[in-house]
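Chain residues, written in single-letter form:
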Amino acid sequence: QVQLIESGGGLVQAGGSLRLSCAASGRAFSAYATGWFRQAPGKEREFVAAISWSGGSTYYADSVKGRFTISRDNAKNMVYLQMYSLKPEDTAVYYCAVRRLRATMIPINPNSYDYWGQGTQVTVSS
(Lines give C-alpha, C1' and ligand atoms only; values in the text may rest on other atoms or scores of the structure.)
Protein backbone atom coordinates (compact mmCIF):
# COMPACT_ATOMS: atom_id res chain seq x y z
CA GLN A 1 0.00 0.00 0.00
CA VAL A 2 1.27 3.48 -0.88
CA GLN A 3 2.43 5.60 2.05
CA LEU A 4 3.45 9.26 2.02
CA ILE A 5 5.29 10.95 4.90
CA GLU A 6 5.88 14.69 5.06
CA SER A 7 8.63 16.33 7.10
CA GLY A 8 10.43 19.65 7.45
CA GLY A 9 7.71 21.79 8.95
CA GLY A 10 8.22 24.00 11.96
CA LEU A 11 8.11 27.52 13.33
CA VAL A 12 9.82 30.20 11.27
CA GLN A 13 9.92 33.98 11.33
CA ALA A 14 8.31 35.94 8.50
CA GLY A 15 10.73 36.24 5.60
CA GLY A 16 12.43 32.98 6.45
CA SER A 17 12.69 29.72 4.55
CA LEU A 18 11.81 26.07 4.98
CA ARG A 19 12.17 22.97 2.84
CA LEU A 20 9.45 20.36 3.09
CA SER A 21 10.07 16.77 2.07
CA CYS A 22 7.70 14.02 1.02
CA ALA A 23 8.98 10.46 1.26
CA ALA A 24 6.97 7.89 -0.66
CA SER A 25 6.97 4.28 -1.74
CA GLY A 26 8.43 3.44 -5.13
CA ARG A 27 4.99 2.66 -6.50
CA ALA A 28 3.77 6.14 -5.59
CA PHE A 29 6.58 7.73 -7.58
CA SER A 30 5.64 5.75 -10.69
CA ALA A 31 2.30 7.59 -10.69
CA TYR A 32 1.45 10.56 -12.88
CA ALA A 33 1.95 13.49 -10.50
CA THR A 34 2.70 14.55 -6.95
CA GLY A 35 1.17 17.65 -5.43
CA TRP A 36 1.48 19.81 -2.34
CA PHE A 37 -1.65 21.15 -0.66
CA ARG A 38 -2.21 23.14 2.51
CA GLN A 39 -5.06 23.71 4.92
CA ALA A 40 -5.37 26.43 7.53
CA PRO A 41 -7.91 26.32 10.38
CA GLY A 42 -11.40 27.15 9.16
CA LYS A 43 -10.37 27.07 5.49
CA GLU A 44 -10.68 24.58 2.67
CA ARG A 45 -7.72 22.57 1.52
CA GLU A 46 -5.99 24.47 -1.27
CA PHE A 47 -3.55 23.61 -4.02
CA VAL A 48 0.03 24.82 -3.66
CA ALA A 49 2.19 23.13 -6.31
CA ALA A 50 2.49 19.93 -8.32
CA ILE A 51 5.08 18.11 -10.41
CA SER A 52 4.84 15.33 -12.99
CA TRP A 53 6.54 11.97 -12.55
CA SER A 54 9.26 12.92 -15.03
CA GLY A 55 9.74 16.32 -13.43
CA GLY A 56 9.16 17.95 -16.79
CA SER A 57 5.95 19.73 -15.84
CA THR A 58 5.24 21.90 -12.81
CA TYR A 59 2.38 24.12 -11.74
CA TYR A 60 2.04 26.65 -8.91
CA ALA A 61 -0.75 28.50 -7.20
CA ASP A 62 -0.58 32.24 -7.82
CA SER A 63 -0.18 32.86 -4.09
CA VAL A 64 3.18 31.06 -3.98
CA LYS A 65 4.53 31.58 -7.49
CA GLY A 66 8.03 33.02 -7.38
CA ARG A 67 8.49 32.06 -3.72
CA PHE A 68 8.08 28.27 -3.69
CA THR A 69 9.82 25.65 -5.84
CA ILE A 70 8.75 22.03 -6.22
CA SER A 71 11.25 19.37 -7.27
CA ARG A 72 11.71 15.63 -7.13
CA ASP A 73 14.47 13.05 -6.86
CA ASN A 74 13.08 9.74 -8.03
CA ALA A 75 16.27 7.88 -7.11
CA LYS A 76 15.54 8.77 -3.48
CA ASN A 77 11.74 8.53 -3.76
CA MET A 78 11.47 12.13 -2.56
CA VAL A 79 9.54 15.24 -3.55
CA TYR A 80 10.50 18.62 -2.11
CA LEU A 81 8.88 21.98 -1.60
CA GLN A 82 11.43 24.76 -1.09
CA MET A 83 9.73 27.79 0.45
CA TYR A 84 11.29 31.26 0.52
CA SER A 85 10.05 34.61 1.83
CA LEU A 86 7.46 32.98 4.05
CA LYS A 87 4.48 35.03 5.17
CA PRO A 88 2.09 34.58 8.11
CA GLU A 89 -0.64 33.66 5.63
CA ASP A 90 1.44 30.63 4.63
CA THR A 91 0.71 29.13 8.05
CA ALA A 92 -1.07 25.81 7.53
CA VAL A 93 -0.73 22.07 7.61
CA TYR A 94 1.02 21.02 4.40
CA TYR A 95 0.19 17.72 2.72
CA CYS A 96 1.72 15.83 -0.17
CA ALA A 97 -0.51 13.78 -2.43
CA VAL A 98 -0.18 11.46 -5.42
CA ARG A 99 -2.38 11.07 -8.47
CA ARG A 100 -2.18 7.69 -10.19
CA LEU A 101 -3.74 8.32 -13.60
CA ARG A 102 -2.39 10.42 -16.44
CA ALA A 103 -4.27 13.62 -17.27
CA THR A 104 -4.15 16.21 -20.01
CA MET A 105 -3.15 18.83 -17.43
CA ILE A 106 -1.79 18.50 -13.92
CA PRO A 107 -4.88 18.66 -11.70
CA ILE A 108 -5.22 21.21 -8.91
CA ASN A 109 -8.42 19.80 -7.41
CA PRO A 110 -7.57 17.79 -4.27
CA ASN A 111 -10.31 15.31 -5.21
CA SER A 112 -8.20 14.31 -8.21
CA TYR A 113 -5.47 12.87 -5.97
CA ASP A 114 -5.53 9.32 -4.65
CA TYR A 115 -3.04 9.07 -1.79
CA TRP A 116 -2.29 11.51 1.03
CA GLY A 117 0.23 11.94 3.80
CA GLN A 118 -0.62 12.99 7.35
CA GLY A 119 0.72 16.51 6.93
CA THR A 120 3.39 18.68 8.53
CA GLN A 121 2.69 21.94 10.36
CA VAL A 122 4.22 25.17 9.07
CA THR A 123 3.84 28.21 11.32
CA VAL A 124 5.11 31.62 10.23
CA SER A 125 5.28 34.27 12.93
CA SER A 126 5.19 38.01 12.34
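Residues numbered from 1 in each chain as written. Predicted model: local features only at pLDDT ≥ 70, side-chain atom pairs only at ≥ 80, totals over all residues. Heavy atoms only, no water.

A. Broad picture of the overall build of the protein chain. Along the backbone of the protein chain there are one helix and eleven strands. Start at the N end of the protein chain and walk to the C end: the helices and strands fall as β-β-β-α-β-β-β-β-β-β-β-β. Taken over C-alpha atoms, the radius of gyration comes to 13 Å for the protein chain, in line with the 14 Å a tight globule of 126 residues would show. The buried share of the protein chain, reckoned over its 126 residues, is 44%. When contacts within the protein chain are restricted to residue pairs at least 6 apart in sequence, those whose partners lie at least 24 apart make up 59%. When the accessible surface of the protein chain is split by element, carbon and sulfur atoms take 47% of a total near 6800 Å². A gap of 6 Å separates the mean positions of the 13 positive and 8 negative side-chain charges of the protein chain. (Helix = DSSP H or I, 4+ residues; strand = E, 2+ residues; numbered from the N terminus. Rg over C-alpha atoms; globule rule 2.2 N^0.38 Å. Buried < 20%, exposed > 50% of the residue type's maximum accessible area, 1.4 Å probe, protein only. Contact = heavy atoms within 4.5 Å. Areas by Shrake-Rupley, 256 points an atom, 1.4 Å probe, with all protein chains shown as cover. Lys, Arg positive; Asp, Glu negative; His and termini not counted. Charge placed at Lys NZ, Arg CZ, Asp CG, Glu CD.)

B. Layout of the state of the cysteines. In this structure the tally under the stated criterion is one disulfide. In this model, Cys 22 is linked to Cys 96 through a disulfide, with the two sulfur atoms separated by 2.1 Å. One disulfide, between Cys 22 and Cys 96, carries an S-S torsion of 60 degrees and so falls in the right-handed class. Separated by 74 residues along the polypeptide, Cys 22 in strand β3 (residues 18-24) and Cys 96 in strand β9 (residues 92-99) bring together distant segments of the chain. No difference in accessibility class separates Cys 22 from Cys 96, as the two residues are buried. (Disulfide = S-S within 2.5 Å.)

C. Spotlight on the sheet that holds β3. With antiparallel pairing, the four strands of this open sheet are ordered in space as β1-β3-β8-β7. Strands with a single pairing partner mark the edges of an open sheet, and in this sheet they are β1 (4-7) and β7 (68-73). Going from strand to strand, the sheet's axes swing by 15 degrees on average, the running direction of each strand aside. (Pairing = 2+ DSSP bridges. Axes fitted to C-alpha atoms, helices over the stretch in contact; angles between N-to-C directions.)

D. Just the nonpolar core, in detail. Counting 36 residues, the largest nonpolar core has Trp 36, Val 48, Phe 68, Ile 70, Leu 81, Met 83 and Tyr 94 as its most contacted members. Of all the secondary structure elements, the ones that give two or more residues to this core are β3, β4 (33-39), β5 (46-52), β7, β8 (78-83), β9 and β11 (120-125). Leave out the neighbours within four places in its chain, and Val 48 touches Trp 36, Phe 37, Arg 38, Tyr 59, Tyr 60, Ala 61, Val 64, Phe 68, Leu 81 and Tyr 94. (Core = buried A, V, L, I, M, F, W, Y, C linked by side-chain atoms within 4.5 Å.)

E. Examining the environment of Gln 82 more closely. Looking at the element boundaries, Gln 82 is found in strand β8. Taking C-alpha positions, Gln 82 is 10.0 Å from Gly 8, a pair spaced 74 residues apart along the chain. Non-local contacts of Gln 82, meaning those with residues more than four positions away in its chain, are made with Ser 17, Leu 18, Arg 19, Arg 67, Phe 68 and Thr 69.

F. Looking closely at unusual backbone geometry. Positive phi, close to 55 degrees, is recorded for Asn 77, a residue that is not glycine. With a phi close to 50 degrees, Ser 85 is a non-glycine residue in the positive phi region.

G. Layout of the pattern of salt bridges. A full pass over the atoms with the stated rule returns five salt bridges. One salt bridge in this structure joins Arg 38 and Asp 90, with 2.9 Å as the shortest N-O distance. In this pair, Arg 38 is assigned in strand β4 and Asp 90 in the loop between β8 and β9, connecting sequence segments 52 residues apart. In this structure Arg 38 comes out as buried when scored by relative accessible area, which is 6%. A salt bridge links Lys 65 to Asp 62; the shortest N-O distance between them is 3.2 Å. Each of Arg 38, Glu 46, Arg 67 and Asp 90 takes part in one network of salt bridges that share partners. (Salt bridge = Lys/Arg side-chain N within 4 Å of Asp/Glu carboxyl O.)

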